[in-house]
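Below, each chain spelled out in residue letters.
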Amino acid sequence: MERLDKLLSSTGRWSRREVKQLVREGRVLVDGVPAAGAEQKLDPGISRVLVDGTEAVIRKYTYVMLNKPAGVLSATEDSRQETVLDLLSPELRRQGLFPVGRLDKDSEGLLLLTNDGDLAHRLLSPRRHVDKVYYIRVDRPLGEEDREAFARGVTLADGTACLPAGLEPLGDGSEALVTLHEGKFHQIKRMIASRGAAVCQLKRLSMGTLVLDERLERGKYRLLTGEEVLKIGGKP
Ligand code: URA
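Residues numbered from 1 in each chain as written. Predicted model: local features only at pLDDT ≥ 70, side-chain atom pairs only at ≥ 80, totals over all residues. Heavy atoms only, no water.

(A) Structural detail: the overall build of the protein. Looking only at helices and strands, the protein features seven helices and 15 strands. Counting across all 236 residues of the protein, residues that qualify as buried make up 45%. Look at the contacts in the protein between residues 6 or more apart in sequence, and 62% of them connect residues 24 or more apart. In the form shown here, the protein has an accessible surface area of approximately 12300 Å², with 49% of it arising from carbon and sulfur atoms. (Helix = DSSP H or I, 4+ residues; strand = E, 2+ residues; numbered from the N terminus. Buried < 20%, exposed > 50% of the residue type's maximum accessible area, 1.4 Å probe, protein only. Contact = heavy atoms within 4.5 Å. Areas by Shrake-Rupley, 256 points an atom, 1.4 Å probe, with all protein chains shown as cover.)

As structure tokens, then:
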């Protein structure tokens, strides 16, 4: 059982104070009956909640898609530098969200933030090999030899062996799509360095079934749709 104000504010649409006001104005129905109070408890898996006659999607967990801009840390807090949590609304910041995996400070693109620890664990588990696709721009054209080296699995400068990965050069080869099945520290930068080149821009486009919504401007975010939550293995 969860409190009504906690459940409704977890949608990111209302603060707890706003929920209180909505309840007071009789605009919130729980199973067809006006809610008794913002602190009313209900089972989100069973009860139906309407706000102004529209079903309010109540989820136990919150899932946020962020288009991370370069220059922001993939961390929950930092005493000096801006983190991805600083980009969210105060309501969402109170949900205990954390980024699922990291993008480097200078990397951009898809970052999933959630408070569903099970899902994060599953998506990051090395045994699950969840595919991640990145767009990269590099300082010299990549070609067939680089693609083959990635397909075999490159060895990094420190001797670390990488799993086979996808490399699809685009246009003249100074841009490419990279598909990883694992996540090592600075992995793409180090893989590209092992080919004698350097990454100038790196943007994550997808993680498993979750694809960056290109309508999201840099630094903007939205909640995952019910379908996206189901497909990625979250709890609707
Ligand atoms: N590989 C990198 O080198 N950096 C990232 O942020 C992600 C993948």
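(B) How the structure looks around the site of the ligand. Every residue lining the ligand is accounted for by Leu 103, Asp 104, Ser 107, Tyr 134, His 186, Gln 187, Ile 188, Lys 189 and Leu 202. At 3.4 Å from an oxygen atom of the ligand is found a main-chain nitrogen or oxygen belonging to Gln 187. Here Ile 188 contributes a backbone N or O atom positioned 3.1 Å from a nitrogen atom of the ligand. For the ligand, the protein covers 96% of the area, taking 240 Å² as the surface of the free molecule. The greatest single-element share of the shell around the ligand, amounting to three residues, is contributed by helix α6 (residues 187-193). (Near = heavy atom within 4 Å. Polar contact = N/O pair within 3.5 Å; in protein donor to acceptor, adjacent residues only side chain to side chain.)

(C) How the structure looks around the environment of Asp 146. Structurally, the position occupied by Asp 146 is in helix α5 (residues 144-152). Not counting residues within four places of it along the chain, the set of residues in contact with Asp 146 comprises Arg 140, Pro 141, Leu 167 and Arg 195. A polar contact of 3.1 Å, which involves the side chain of Asp 146, links it to the side chain of Arg 140.

(D) Seen up close, the pattern of salt bridges. In the structure shown here, the tally under the stated rule is 20 salt bridges. A salt bridge links Glu 214 to Lys 203; its shortest N-O distance comes to 3.7 Å. Of the two residues, Glu 214 is situated in the loop between β14 (210-211) and β15 (221-223) and Lys 203 in strand β13 (residues 199-207); the sequence distance between them amounts to eleven residues. The salt bridge partner of Asp 213 is Arg 222, with a shortest N-O separation of 2.9 Å. By relative accessible area, Asp 213 is classed as buried at 10%. Taken together, the salt bridges that share partners define one network made up of Asp 213, Arg 215, Arg 222 and Glu 228. (Salt bridge = Lys/Arg side-chain N within 4 Å of Asp/Glu carboxyl O.)

(E) Quick look at the side chain of Glu 108. Turning to its location among the elements, Glu 108 is positioned in strand β9 (residues 108-114). Contact partners of Glu 108, with chain neighbours within four places excluded, come to Lys 68, Pro 69, Ala 70, Leu 103, Gln 201, Leu 202, Lys 203, Arg 204 and Arg 218.

(F) Region of the structure containing the pairing of β9. With respect to burial, β9 is a largely interior element, seven of its seven residues being buried. Pairing of strand β7 (residues 63-68) with β9, which is carried by six bridges, proceeds in the antiparallel orientation. By the bridge assignment for β9, Asn 67 is matched with Leu 110. Relative to β9, strand β8 (residues 98-99) is paired through two bridges, and the arrangement is antiparallel. In the sheet register, Pro 99 faces β9, and the bridge partner there is Leu 113. Sheet topology note: the β9/β13 ladder contains two bridges and is parallel. Note that in β13 the partner of Gly 109 across the bridge is Arg 204. (Pairing = 2+ DSSP bridges.)

(G) Inspection of the sheet that holds strand β5 (residues 49-51) at higher detail. Pairing is antiparallel across the open sheet formed by four strands, whose spatial order is β3-β2-β5-β6. The open sheet has two free edges, formed respectively by β3 (33-34) and β6 (54-55), since each of these has just one partner strand.

(H) Broad picture of the nonpolar core. Ranked by size, the top nonpolar core spans 30 residues in total, and within it Ile 136, Phe 150, Ile 188, Met 191 and Ile 192 carry the most contacts. Contributions of two or more residues to this core are made by β7, β9, β10 (132-138), α5, β12 (175-180) and α6. Setting aside residues up to four positions removed in sequence, Ile 188 forms contacts with Tyr 134, Ile 136, Val 178, Leu 180, Val 199 and Leu 202. (Core = buried A, V, L, I, M, F, W, Y, C linked by side-chain atoms within 4.5 Å.)

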